[in-house]
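Secondary and tertiary structure notes
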Amino acid sequence: MTDPRTAVAAVVDPEIRVITIDELGILRAVDEDPATGRVVVTITPTYTGCPAMDVIRDDIRRALAVAGHPDAEVRTVFSPAWSTDWISADGRAKLAAAGIAPPAPRGDGTAVPVTLAVRCPRCGSPETAQLSRFGSTACKALWRCRSCSEPFDHLKAL
Amino acid sequence: MNGPFDFTLALGDDALVAAQRLGEWATRAPEMEEDIALANIALDQLGAARLLLSYAGELEGAGRDEDALAYLRDDREFRNCLLVELPNGDFAVTMVKLLLLAAYQVPLYTALAGCPDERLAAIGAKARKESAYHLDHSALWVKRLGDGTDESHRRAQAALDQLWPYHHELFTADPAAPVDPATLRADFDAVVHPVLAEATLTRPETGWTPGGGRDGVHTEHLSFLLAEMQVLHRAHPGARW
């Protein structure tokens with residue numbers, strides 16, 4: 001039987017499959033009742049309308065069942081609101097390695113932060129331009145590198 | 001509006017109807033990036049709508065969940081403002097409408113984040129970050145259209161003239177609500193007036209101020225919108241994917 005925290009932390013994000021939900025910062029707590037064995041997992045969405053949440057809940061329950069914890073409940077909380085500052089250093093490195101530019105620090109949260117230079121995750125050049133502030137998923141914007149001409153995703157600071 | 005239920009329902013309906021309208025742009029936007037942007041903004045609005053309507057259902061205590069509130073009410077039971085139900089029109093109408101809506105939702109959600117109701121505070125803290133992107137996006141487009149070509153300026157000014165009367169309804173005083181909408185007016189003006197000035201658009205004089213949405217008295221446009229949004233759910237009650 002695997003420790004429930006270890007099992008849940010290994011669940012990958014269904015839309016960005018190179019990063020786990022723990023590295024993404026959306027896994028808030030894993031609590032096991034020692035008497036009953038019941039596991040309660042608390043997660044928070046990146047965006048309110050994130051369509052991946054149902055899949056993430058299913059994946060968590062499946063991972064716990066495989067790890068020997070069939071009695072599991074997944075709770076969703078909204079406060080405090082998720083921030084890209086919660087993405088771990090490992091998570092940022094994995095995003096960059098997968099061609100997704102990680103987010104800059106978000107500032108005080110009251111205004112949309114200005115990102116001065118987003119480095120191309122492929123060639124490292126700071127000569128990049130935003131094509132669209134909204135991208136393939138709610139959490140990403142679409143950018144292009146002027147040096148190597150490759151388009152790439154950028155995880156928006158939130 | 002007066003109690004927390006009516007207030008939460010009204011905010012949820014604003015977001016739900018705005019999401020449905022924005023979704024109509026999918027595959028029809030002037031360029032691919034804008035198609036994706038409008039769909040993303042619609043998704044944010046839908047996310048906020050789901051949270052608000054779920055909570056409204058709990059406050060009501062009559063066993064109605066988000067689906068019952070979204071799909072099984074008729075137009076007279078909707079409490080959204082008239083602004084969000086108006087047709088999309090051309091791209092200028094959609095962008096001016098989004099600017100007016102976002103410039104209202106940002107201070108609204110910010111105020112909610114500090115209100116004593118924990119659920120509303122959590123929703124406000126979450127949604128305000130997303131609304132800030134909507135405001136930024138629509139403000140850029142309104143400036144680009146207003147201060148663009150003669151044709152884009154003409155369309156942006158026409159859109160503003162058409163929509164401006166409807167924004168007054170957003171700030172109707174309601175001292176009993178968790179956040180009194182009248183207190184949001186100054187923040188709205190502080191954001192919108194400079195954007196319009198930079199866009200070289202003329203702010204219309206206050207004249208006609210249509211309202212009634214918060215009391216369930218809507219334009220004819222809402223009935224058609226609801227017919228499309230609700231038909232599947234009503235034809236197949238309880239159906240699941």
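As the structure is a prediction and not an experimental result, all values here were calculated from the model.

Here we come to the state of the cysteines. Residue and element names in this part refer to chain A. In total, this model carries 0 disulfides over all chains according to the counting rule given. Here Cys139 is not cross-linked by a disulfide; its sulfur's nearest cysteine counterpart is in Cys50, at 6.8 Å. No disulfide involves Cys148; its nearest neighbouring cysteine sulfur is the one of Cys145, lying 3.7 Å away. Residue Cys148 is classed as partly exposed on the basis of its relative accessible area, which comes to 28%.

This part is about the pairing of strand β7 (residues 151-155) of chain A. Residues and elements named next belong to chain A. Most of β7 is tucked away: 4 of the 5 residues are buried. For strand β4 (residues 100-101) and β7, the ladder comprises 2 bridges, and the chain directions are parallel. Note that in β7 the partner of Ile100 across the bridge is Asp153. Joining the antiparallel neighbours strand β6 (residues 140-145) and β7 is a turn of 5 residues, in which Ser149 adopts a positive phi near 70°.

Let us look at the UniProt feature "domain: MIP18 family-like" (unreviewed entry) in chain A. Residues given the UniProt feature "domain: MIP18 family-like" (unreviewed entry) here are residues 6-74 of chain A. Here residues 6-74 of chain A is 32% helix and 20% strand, with 16 Å between the C-alpha atoms at its ends.

Bringing helix α7 (residues 150-167) of chain B into the picture now. Residues and elements named next belong to chain B. Compared with the 26 Å implied by 1.5 Å per residue over 18 residues, the 26 Å span of α7 between its first and last C-alpha is a close match. Along its length, α7 shows its largest kink, about 30°, at Asp161, and proline Pro165 lies within four residues downstream of that point. All buried positions along α7 are accounted for by Ser152, Ala156, Gln157, Ala159, Leu160, Leu163, Trp164, Pro165, Tyr166 and His167. Contact partners of the buried residues in α7: α4 (82-85), α5 (91-113), α6 (118-146) and α8 (185-198).

Of all hydrophobic cores here, the largest spans 108 residues; its most connected members are Val41(A), Ile60(A), Tyr104(B) and Val142(B). Residue assignment places this core across two domains, with domain 1 (4-76) and domain 2 (88-155) of chain A each supplying three or more. Apart from residues lying up to four places away in sequence, Val41(A) is in contact with Val8(A), Leu27(A), Ala29(A), Val30(A), Ile60(A), Leu64(A), Glu73(A), Val74(A) and Arg75(A). Counting residues in hydrophobic clusters, the runner-up holds 7 residues, among them Ala101(A), Val118(A), Cys120(A) and Ala141(A).

Before going further, it helps to examine the environment of Asp174(B). All names here are of chain B. As for its placement among the helices and strands, Asp174 is situated in the loop between α7 and α8. With a relative accessible area of 7%, Asp174 lands in the buried category. In this structure the C-alpha to C-alpha distance between Asp174 and His233, which are 59 residues apart in sequence, comes to 34 Å.

Let's shift gears to the pattern of salt bridges. Scanning the entire structure with this criterion turns up 23 salt bridges over all chains. We note a salt bridge from Asp59(A) to Arg62(A), for which the minimum N-O separation is 2.9 Å. Taken together, the residues span about one helical turn, with Asp59(A) and Arg62(A) both in helix α3 (residues 53-66) at a distance of 3 residues. The partner of Glu66(B) in a salt bridge is Arg50(B), and the shortest N-O contact between them spans 2.8 Å.

This brings us to the packing of helix α2 (residues 32-60) of chain B against α5(B). Between two packed helices, what matters for the description is the angle formed by their axes and the separation of those axes. All names here are of chain B. Between α2 and α5, whose axes approach to 13 Å, the crossing angle comes to 40°. Note on packing geometry: the crossing formed by α2 with α5 is left-handed. Where α2 approaches α5, its residues Glu34, Leu38, Ile41, Gln45, Ala48 and Leu52 are matched on the opposing element by Phe91, Thr94, Met95, Leu98, Leu101, Gln105 and Tyr109. The class makeup of the residues in the contact of α2 with α5 is 9 nonpolar, 3 polar and 1 charged.

Looking now at the packing of aromatic side chains. For the coordinates displayed, the defined rule picks out 5 aromatic pairs over all chains. Summarising the aromatic geometry, the rings of Trp25(B) and Phe91(B) are spaced 6.0 Å apart at their centres and angled 90° between planes, so their arrangement reads as edge-to-face. Linking Trp25(B) in the loop between α1 (4-23) and α2 with Phe91(B) in helix α5, this pair joins segments that are 66 residues apart in sequence. Residue class for Trp25(B) comes out buried when judged on its relative accessible area of 10%. Overall, the relative accessible area of 12% leaves Phe91(B) in the buried class. On the basis of an interplanar angle of 85° and a centroid distance of 4.9 Å, the ring pair of Phe91(B) and Trp141(B) is categorised as edge-to-face. Taken together, the residues span a long stretch of sequence, with Phe91(B) in helix α5 and Trp141(B) in helix α6 at a distance of 50 residues. A relative accessible area of 13% means that Trp141(B) is categorised as buried. Through a chain of ring-to-ring contacts, the aromatic side chains of Trp25(B), Phe91(B) and Trp141(B) assemble into a single cluster. Here the guanidinium or amino end of Lys156(A) rests over the ring plane of Tyr133(B), the centre of that ring lying 4.7 Å away.

Across a sheet, strands are paired by hydrogen bonds formed along the backbone, either parallel or antiparallel in direction. Residue and element names in this part refer to chain A. Spatially, the 3 strands line up as an open sheet ordered β1-β2-β3, and their pairing is mixed. Two strands in the sheet have a free side with no partner beyond their single neighbour: β1 (27-32) and β3 (72-76). Going across the sheet, the axis of each strand differs from the next one's by a mean of 15°, ignoring polarity.

Cut-off values and rules
- Counting restarts for each chain: residues are numbered from 1 in the order of the written sequence.
- Whichever chain is written first is A, and whichever ligand is written first is 1; the rest continue in order.
- In keeping with the predicted nature of the model, local features appear solely for residues at pLDDT of at least 70, side-chain atom pairs appear and are counted solely at 80 or more, and the whole-chain, interface and lining totals rest on all residues.
- With hydrogens and water set aside, each side-chain value is computed from the structure's full complement of heavy atoms.
- The term disulfide is used for any two cysteine sulfur atoms that are within 2.5 Å.
- The cut-offs for exposure are 20% and 50% of the maximum accessible area for each residue type, with area from a 1.4 Å probe on protein chains only; residues under the lower value are buried, those over the upper are exposed, and the others partly exposed.
- In this description a helix means any DSSP run of H or I spanning at least four residues, a strand means any run of E spanning at least two, and both kinds are numbered starting from the N terminus.
- Strands pair, by our definition, only if DSSP identifies at least two bridges between them.
- UniProt positions are given in the numbering used here, feature names are shortened, and annotations may be inferred rather than shown by experiment.
- Working rule for helices: expected span equals 1.5 Å times residues minus one.
- To get the bend at any residue, fit one axis to the seven residues that end at it and another to the seven that begin at it, then take the angle between the two axes.
- Every residue pair with non-hydrogen atoms within 4.5 Å of one another is taken to be in contact.
- What is meant by a nonpolar core is a set of buried Ala, Val, Leu, Ile, Met, Phe, Trp, Tyr and Cys residues, joined one to another through side-chain atoms within 4.5 Å.
- The split into domains, and so the bounds of each, comes from an automatic or database assignment of domains.
- Think of a salt bridge as a Lys or Arg side-chain nitrogen and an Asp or Glu carboxyl oxygen that are within 4 Å of each other.
- Axis definition: a line fitted to C-alpha atoms, over the contacting stretch in the case of helices. Angles run 0 to 180 degrees between N-to-C directions.
- By definition, turning the near helix anticlockwise from the far helix through less than a right angle yields a left-handed crossing, and turning it clockwise yields a right-handed one.
- Under the scheme applied, nonpolar residues are Ala, Val, Leu, Ile, Met, Phe, Trp, Tyr, Cys and Pro; charged residues are Asp, Glu, Lys and Arg; polar residues are all the others, including Gly.
- Only rings of Phe, Tyr and Trp enter the pairing, Trp through its six-membered ring, and a pair is recorded when the two centres are within 6.5 Å. The plane angle decides the type: under 30 degrees is stacked, over 60 is edge-to-face, the rest tilted.
- Geometrically, a lysine NZ or arginine CZ counts as sitting over a ring once it is within 6 Å of the ring centre and also within 35 degrees of the ring normal.

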